[in-house]
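Chains, contacts and geometry: an overview
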Amino acid sequence: MLIVGELINASRKPIAEAIRNQDAEAIKKIAKDQYEAGADYIDVNAGIFVGQEGDYMEWLIKNVQEAVDAPCCIDSPDPKVIERGLAVHKGTPMINSISLEKERYDALLPIVSGTDLKVVALCMSDEGMPETTEDRVKIADQLINGLVQNNVKLENIYVDPLVQPISTKSTFGLEFLNAVEEIMTRFKGVHTICGLSNISYGLPVRKLLNKTCAVMAVAKGLDGLIVNPLDKEMMAGLIAAETLIGRDDYCVNYLKAYREKKFE
Amino acid sequence: MSIKDIYAAVLEFDSDQVVKLVKDEISRGTEISVILNDGLIGAMDEVGRLFSAGDLFVPEMLLAAQAMKAGLEELKPHMKQGDSRTKGTVVIGTVKGDLHDIGKNLVAMMMEGAGFEVIDLGVDVETERFIQTAQEHNADMICMSALLTTTMPEMGVTVETLKEKGLNFKTMVGGAPVTKEFADQIGADGYSPDAPSAVEMARLLISA
């Protein structure tokens, strides 16, 4: 399971504050905490700073990589910001994200083409937000084919089927979960990834819904998550889910987590 | 039986009951504007308050709006020109290049619930279309939503274009990455972080 630590996102107040004050130590600490809690990639997003997003993206990446020996997940809808991040990043980052929206697709394709970059492929097109499993699989199909034809390896593609709030339509959970299964079955070797906070938008006790959704998605084959790795219950749930779905021979990881007191 | 029961039925999300009670009130000769304002809109205001206080949640807001709308449909054939035009007309949409619509839909729904006439242009709406629609419907306000940092500047384009053309439709902006500072920076008249406060802001701006 690939874990992308989601906390360094400017839409969160403490992060926006740290960026505004150029508080490098605050950013480094959050990077370190997430890395130690098991994050494979550290997401960096400076999205709320229109006009300065590129500058802040560079600053975030530099500071994260000074603090931890982990790659970043460069998170921006703006290809120019992603390029600025790539220029300062050491090692091989993940790009979040390309989509089938024409402008974004055309701008990002040359950036990822022929590289070893990991790329999140978001199931969104110019036709709007996908609602059904079929909508999602159709977009995933075009994205995967387009990327592979442009020399992106299948194993570097992380399809994000797009999670939508269950509070606004009762089928949104099921359609997402079934899409994970369909994509993982139909395109052997590709990965799926998602963020979870959308699923619980507009409802109380969001952590409960987020965790349950994550566990259900793992059962459908999901193998990447953009998540808060400091959430112990979430991480414990993921470890148990992976053991249950057969990704943990002799329950080695489960027992290791137990001995490291991750279930307490 | 009274207007209070209509109010209560909306808050219980009981569409059938709302429809029945509204019909009863109409046949008793109660003023349409009283049924609308004190019954249906009053109840939706309470829904907004409860939502802001964290006592009601999005699915319940949807249910209440459905119940309110069912009652409104009963009222519509009886409404005179003045009844529906009093609150104002709002043109709403997600800006060009942006396809996110969940927040925008909630705002549109609560605005309807507050008695505004809402013209929802959907997603990926160009500046020209916002302005043209506002002119055609003699609207009071243009509401714009954006969920991406790459599309947020489109809001500024619309505000700017309105100024250039000397048109004084009020403007309100919102969406996850949008802040009050951003709204001020582009010269929008209003900003709101969620659906109930969008209603309050709209009332404030339109009465101004």
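Residues numbered from 1 in each chain as written. Chains lettered and ligands numbered in written order. Predicted model: local features only at pLDDT ≥ 70, side-chain atom pairs only at ≥ 80, totals over all residues. Heavy atoms only, no water.

Looking at the overall build of chain B
- Along its length, chain B carries 10 helices and five strands.
- Taken over the C-alpha trace, chain B has a radius of gyration of 17 Å; the compact-globule value for 208 residues is 17 Å, and the two agree within 12%.
- Dimensions of chain B along its principal axes, counting C-alpha atoms only, are 50 × 35 × 25 Å.
- When the 208 residues of chain B are sorted by exposure, 50% land in the buried category.
- Across chain B, the fraction of contacts at a sequence separation of at least 24, relative to all contacts at a separation of at least 6, is 72%.
- Charged side chains of chain B number 18 positive and 33 negative; the gap between the two group centres comes to 4 Å. (Helix = DSSP H or I, 4+ residues; strand = E, 2+ residues; numbered from the N terminus. Rg over C-alpha atoms; globule rule 2.2 N^0.38 Å. Buried < 20%, exposed > 50% of the residue type's maximum accessible area, 1.4 Å probe, protein only. Contact = heavy atoms within 4.5 Å. Lys, Arg positive; Asp, Glu negative; His and termini not counted. Charge placed at Lys NZ, Arg CZ, Asp CG, Glu CD.)

A short note on the packing of helix α3 (residues 53-67) of chain A against helix α4 (residues 79-88) of chain A
Residues and elements named next belong to chain A.
- Two numbers describe how α3 lies on α4: the axes approach to 9 Å, and their chain directions differ by 30°. Classed by the angle they form, the pair α3 and α4 counts as roughly parallel. Like other packed secondary-structure pairs, α3 and α4 cross with a definite hand, here right-handed. Seen from α3, the contacting residues are E53, G54, D55, M57, E58, I61, K62 and Q65; seen from α4, they are V81, R84, G85 and V88.
- Residues of the contact of α3 with α4, tallied by class, amount to four nonpolar, three polar and five charged. (Axes fitted to C-alpha atoms, helices over the stretch in contact; angles between N-to-C directions. Parallel < 35°, antiparallel > 145°, perpendicular 65-115°, else oblique. Left-handed = near helix turned anticlockwise from the far one by under 90°. Nonpolar A, V, L, I, M, F, W, Y, C, P; charged D, E, K, R; others polar.)

Observations concerning the interface of chain B and chain A
- Between chain B and chain A, the contact holds 16 residues from the first and 20 residues from the second.
- Both faces combined, the contact of chain B with chain A buries some 1,500 Å², and carbon together with sulfur accounts for 74% of it.
- Ranking the residues of chain B by area buried against chain A places L99(B), I102(B) and T149(B) at the top, with a combined share of 37%.
- One can count zero salt bridges joining chain B with chain A.
- There are two residue pairs in polar contact (both at pLDDT 80 or more) connecting chain B and chain A.
- Listing elements by their share of the side of chain B that touches chain A, those giving two or more residues are α4 (58-75) and α6 (102-113) of chain B.
- Residue contributions to the side of chain B that touches chain A peak at three residues, all from α4(B).
- Residues belonging to the side of chain B that touches chain A are distributed by class as follows: 12 nonpolar, four polar and no charged. (Buried area = accessible area lost by both parts, 1.4 Å probe. Salt bridge = Lys/Arg side-chain N within 4 Å of Asp/Glu carboxyl O. Polar contact = N/O pair within 3.5 Å; in protein donor to acceptor, adjacent residues only side chain to side chain.)

Focus: the environment of V19(B)
- Its location among the elements puts V19(B) in helix α2 (residues 15-27).
- Apart from the residues within four sequence positions on either side, V19(B) is in contact with A70(B), G71(B) and E74(B).

Here we look at the sheet that holds strand β8 (residues 224-227) of chain A
Residues and elements named next belong to chain A.
- Strand order in the closed barrel made by the eight strands is β1-β2-β3-β4-β5-β6-β7-β8, with parallel pairing throughout. Neighbour-to-neighbour, the strand axes of this sheet turn through a mean angle of 30°, independent of strand direction.
- Here strand β1 (residues 2-5) pairs with strand β2 (residues 41-44) via two bridges, running parallel. What sits directly across from V4, in β2, is Y41.
- Strands β4 (94-100), β5 (118-125) and β6 (157-160) of the sheet are contacted by helix α6 (residues 133-149), whose axis makes an angle of about 140° with β5. (Pairing = 2+ DSSP bridges.)

Description of the confidence of the model for chain B
- Looking at chain B as a whole, its pLDDT mean stands at 93, while 97% of the residues score no less than 70.
- Taken together, the chains of this predicted complex give a pTM of 0.90 and an interface ipTM of 0.86. (pLDDT = per-residue confidence, 0-100.)

As for the domain arrangement of chain A
- By the assigned domains, chain A splits into domain 1 (1-71), domain 2 (92-228) and domain 3 (231-264).
- For domain 1 of chain A and domain 3 of chain A, the distance between their C-alpha centres works out to 26 Å. (Domains from an automatic or database assignment.)

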